[in-house]
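Here is how the chains run, residue by residue.
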Amino acid sequence: MRFRHPDGSVVHLSYCTNVHPAETLDGVRAQLRDHCEPVRRRLGRDRLGIGLWLARDAARALTNDPAELRALRAELDSRGLEVVTLNGFPYEGFGADEVKYRVYRPDWTEPDRLAHTTDLARLLAALLPDDVTEGTISTLPLAWRTPYATDPGAPRTARTALTTLAQRLDALAELTGKSIRVGLEPEPGCTVETTADAIGPLTDVGHERIGICVDTCHLATSFEDPGTALDALAAAGIPVVKSQLSAALHAEHPHLPEVRTALAAFAEPRFLHQTRTRTAAGLRGTDDLDEAIAGGALPDSTPWRAHFHVPLHAPPAPPLTSTLPVLRTALTRLVGGAAPLTRHLEVETYTWQALPAELRPRTRTQLADGIAAELTLARDLLVDLGLKELP
């Protein structure tokens, strides 16, 4: 979906296909047929943006066979779909029964991360619509905090990899005329947990093609104020490459038994749901929601937030809620000013099938309806900010 900003530039809105994880190229094609095109039809749009997640094997198949890449581009066009952004964070196995810590490997100290991201950049340059010259990729925020924090050589290795990536992106732009930018995506528990944590490493890299991806669920889980965070990034000259529109789980009174019971329904075995609370002594947290619920690990006199991407249009029932207000505030700062801070927005609710059983979609139709409803909410927020939806 495209929108005209009051400054005349085009802002793109898509949804991320990691909600339908596929490891192979055949699986990606099935996503387009079974999920993405039906969502487009529900929205009554001739064209819908999707943020592709290409797992390692799918990306390699496209990289190794230019005919397959041309065929994928043709299929996107025939189904009324367009790609301006990729999710390069998960490498493989995102549809596994247990993902948890595995999603953070390989990290930016490992050669496979640089190789995969380079492949994604080249693929995206070929997949961009003919009238679009800029593409974006979100990526792992360097690494999970351990063992990175105990390896004195890790920061230099990661910086070298990102510098090499920037050089490759420069060469790609010169070769293709397409500018691809990559954004570290801060996430609780990682080396770069917050936007503030990103400033140092990105300043060290010091390249306009390497910036930050602001995920509004992660921002909220870490209790970051959107205005403060975005002002600090601007002051440091760090570009907001893209933003993922998402909402975290919020518990205002975690000491109450009924709140603990409600939270327990969201503790599940597939993904990590890092949980945080803000105290007078600073941010406290656990790696997963069940650790917090068990008691003793977190103070419960202040609100808790958990890294669980809840559907934008459907916050959980009381006594829980979502951090949609943080998303609204962030979006106002991102695209509500005289010029947009980013032109690529991506709804990323990958946890539909991890919701409590009674809230999960049971059919493809129900899932498509839910994703369409999320995109409709995001569209309405953009229109309310003065953007005009384009055909």
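Residues numbered from 1 in each chain as written. Predicted model: local features only at pLDDT ≥ 70, side-chain atom pairs only at ≥ 80, totals over all residues. Heavy atoms only, no water.

(A) Region of interest: the sheet that holds strand β11 (residues 282-286). Spatially, 5 strands are ordered β11-β10-β12-β9-β13 in an open sheet, and the strand pairing comes out antiparallel. Where the open sheet ends on each side, the last strands, each with one partner, are β11 and β13 (320-322). When the angles between neighbouring strand axes are averaged without regard to direction, this sheet yields 30 degrees. Bridge analysis of strand β9 (residues 247-251) against β13 gives 3 bridges, and the strand direction is antiparallel. Considered in β13, the bridge of Ala251 is made with Leu320. (Pairing = 2+ DSSP bridges. Helix = DSSP H or I, 4+ residues; strand = E, 2+ residues; numbered from the N terminus. Axes fitted to C-alpha atoms, helices over the stretch in contact; angles between N-to-C directions.)

(B) Quick peek at helix α3 (residues 66-78). Relative to the 18 Å expected for 13 residues at 1.5 Å per residue, α3 spans 18 Å between its end C-alpha atoms, a close match to the ideal helical length. Turning to α3, its buried residues number three or more, namely Leu69, Leu72, Arg73, Glu75 and Leu76. Down the axis of α3, the smallest arc covering the buried residues is 160 degrees, so these residues share one side. Opposite the buried face of α3, at more than 90 degrees from it, the exposed residues are Arg70 and Ser78. Buried-residue contacts for α3 involve α1 (25-43), β3 (48-52), α2 (56-64), β4 (81-87) and α4 (111-127). (Expected span 1.5 Å × (residues − 1). Buried < 20%, exposed > 50% of the residue type's maximum accessible area, 1.4 Å probe, protein only. Arc of directions from axis to C-beta. Contact = heavy atoms within 4.5 Å.)

(C) A look at the pairing of strand β12 (residues 304-310). The element β12 is largely enclosed, with a buried count of 7 among its 7 residues. On β12, burial covers both faces: Trp304, Ala306, Phe308 and Val310 on one face and Arg305, His307 and His309 on the other are all buried. As judged from the 4 bridges shared by β9 and β12, these two strands associate in the antiparallel manner. Bridge pairing links His250 to Arg305 in β12. When strand β10 (residues 275-279) meets β12, the two strands line up antiparallel, connected through 3 bridges. Directly across from Thr277, in β12, lies its bridge partner Trp304.

(D) View of helix α9 (residues 226-236). Within α9 the residues assigned to the buried category are Pro226, Gly227, Ala229, Leu230 and Leu233. Each buried residue of α9 lies within a common arc of 165 degrees when the element is viewed along its axis, so the set occupies one face. Opposite its buried face, α9 presents the exposed residues Thr228 and Ala235, each directed more than 90 degrees away. The inward-facing, buried residues of α9 contact α7 (195-205), β7 (210-215), α8 (216-221), β8 (240-245) and α12 (324-335).

(E) Unusual backbone geometry, seen in detail. A cis geometry characterises the amide bond from Arg105 onward to Pro106, with omega recorded as -10 degrees. With respect to the helices, strands and loops of the structure, Pro106 is situated in the loop between β4 and α4. A cis amide bond links Thr146 with the next residue in sequence, Pro147, at an omega value of 5 degrees. On the secondary structure map, Pro147 appears in helix α5 (residues 145-148). We note that Leu142 has phi near 75 degrees; this positive angle belongs to a residue other than glycine. With respect to the element layout, Leu142 can be found in the loop between β5 (134-139) and α5. Although it is not a glycine, Phe223 adopts a positive phi angle of roughly 55 degrees. Inspection of the secondary structure assignment puts Phe223 in the loop between α8 and α9.

(F) Region of interest: the packing of α1 against α3. At a minimum axis distance of 11 Å, the contact between α1 and α3 shows a crossing angle of 10 degrees. By the angle class used here, α1 and α3 are roughly parallel. Touching Leu25, Val28, Arg29 and Leu32 of α1 are Glu68, Leu72, Glu75 and Leu76, all from α3. When its residues are assigned to classes, the contact of α1 with α3 shows 5 nonpolar, no polar and 3 charged. (Parallel < 35°, antiparallel > 145°, perpendicular 65-115°, else oblique. Nonpolar A, V, L, I, M, F, W, Y, C, P; charged D, E, K, R; others polar.)

(G) Molecular detail of the environment of Val347. With respect to the helices and strands, the residue Val347 is situated in strand β14 (residues 344-347). Residues Val347 and Thr17 lie 330 residues apart in sequence; the distance between their C-alpha atoms is 9.6 Å. Contacts of Val347, omitting those with residues within four sequence positions, involve Leu13, Ser14, Tyr15, Cys16, Leu245, Leu312, Glu374, Leu375 and Ala378.

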